[in-house]
Amino acid sequence: MRVLNAWVQSQIAHWAMIFGKNEIAADYWLRVAELKPRDPKPYTVAAHCKAELNRPQEAEVLLRKSLEVDPKFSAAWFNLGFLLQKREDHEQALSCFDACIRVDEKMDRAHYGRALSLIALNRQEEAKAALQRTIDLQPMSPYGYYQLASLHHRLGDDKSGIKLVRKLHQFEPQLAVQLQKETGVEAGVVDPFSKYRTQ
């Protein structure tokens, strides 16, 4: 009966999220958490709902509760890192992204988040390695390529930046053109939709 009740509550929570009723969804996810005290996911999803409601402190409390339940729940580590990064607490965010990667080394989003905090902390070489890992794991990660090419440019390595812009152009041509304009690096890419734009 307890399992059935938890399932019903989680279905209500899912539908509330679909309709953008995050307050209701968070309440129901917390009910699920009470019924499934060894499952970290309900706390993590409730935290997401709180974050959507612009209540980051409440979200942080719930994510830490999720990690008390299961210290190896990578989604909670990632989301906590993201929250801390948003408030520019980059050292703590890095700790969370590192913890996430220790649990799930192949989570490309964690490597990307780690890179953004490293850039903010002016640890450029470490950021470069983290971004390279991001695109190794997710070869179609446009913002991984974008950030890495920008970083190469800032470090004075336009040759590597040009290669990345050209690679990005293969699957995100408009972003590649934007990056070429922003950096001033001449990679020879053109916007394939420019002829359809009005002057």
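The shown structure was predicted, so the numbers you read here are calculated from the model rather than taken from an experiment.

### Digging into unusual backbone geometry
Here is step 1 of the chain: Notably, N54 is not glycine yet its phi reads approximately 60 degrees, a positive angle.
Here is step 2 of the chain: One can find N54 in the loop between α3 (41-52) and α4 (56-69).
Here is step 3 of the chain: Phi angles above zero are rare outside glycine, and N122 is one such case at about 60 degrees.
Here is step 4 of the chain: Among the structural elements, N122 can be located in the loop between α7 (108-120) and α8 (124-137).
Here is step 5 of the chain: For N122, a relative accessible area of 56% translates into the label exposed.

### Describing the packing of helix α6 (residues 90-103) against α7
Here is step 1 of the chain: Interhelical geometry of α6 versus α7 gives an angle of 155 degrees and a closest axis separation of 9 Å. Between α6 and α7, the interaxial angle falls into the category roughly antiparallel. You can see that α6 and α7 cross each other, and the crossing is left-handed. On α7, the residues touching H90, A93, L94, F97, D98, C100 and I101 of α6 are A110, H111, G113, R114, S117, L118 and A120.
Here is step 2 of the chain: Within the contact of α6 with α7, the residues separate by chemical class into eight nonpolar, four polar and two charged.

### A short note on the pattern of salt bridges
Here is step 1 of the chain: Following the criterion strictly, the structure yields 14 salt bridges and no others.
Here is step 2 of the chain: Across the pair E23 and K50 runs a salt bridge whose closest N-O atoms are separated by 4.0 Å. Here K50 lies in helix α3 and E23 lies in helix α2 (residues 22-35), a separation of 27 residues in the sequence.
Here is step 3 of the chain: You can call K50 buried: its relative accessible area is 7%.
Here is step 4 of the chain: We note a salt bridge from E68 to K65, for which the minimum N-O separation is 3.9 Å. Separated by three residues within a single helix, E68 and K65 lie in helix α4, roughly one turn from each other.

### Let's talk about the side chain of S10
Here is step 1 of the chain: As for its placement among the helices and strands, S10 is situated in helix α1 (residues 2-18).
Here is step 2 of the chain: What makes S10 buried here is its relative accessible area of 11%.
Here is step 3 of the chain: In contact with S10, not counting residues within four places along its chain, are W29 and V32.

### A word on the environment of H152
Here is step 1 of the chain: By secondary structure assignment, the location of H152 is in helix α9 (residues 142-154).
Here is step 2 of the chain: Take H152: its relative accessible area is 9%, and that puts it in the buried class.
Here is step 3 of the chain: Sequence-wise, H152 and E125 are 27 residues apart; in three dimensions their C-alpha atoms are separated by 9.6 Å.
Here is step 4 of the chain: Beyond its immediate chain neighbours, meaning those up to four positions away, H152 contacts K128, D157, D158, S160, G161 and L164.

Reading the values: rules and limits
- Residues numbered from 1 in each chain as written.
- Predicted model: local features only at pLDDT ≥ 70, side-chain atom pairs only at ≥ 80, totals over all residues.
- Heavy atoms only, no water.
- Helix = DSSP H or I, 4+ residues; strand = E, 2+ residues; numbered from the N terminus.
- Buried < 20%, exposed > 50% of the residue type's maximum accessible area, 1.4 Å probe, protein only.
- Axes fitted to C-alpha atoms, helices over the stretch in contact; angles between N-to-C directions.
- Parallel < 35°, antiparallel > 145°, perpendicular 65-115°, else oblique.
- Left-handed = near helix turned anticlockwise from the far one by under 90°.
- Contact = heavy atoms within 4.5 Å.
- Nonpolar A, V, L, I, M, F, W, Y, C, P; charged D, E, K, R; others polar.
- Salt bridge = Lys/Arg side-chain N within 4 Å of Asp/Glu carboxyl O.

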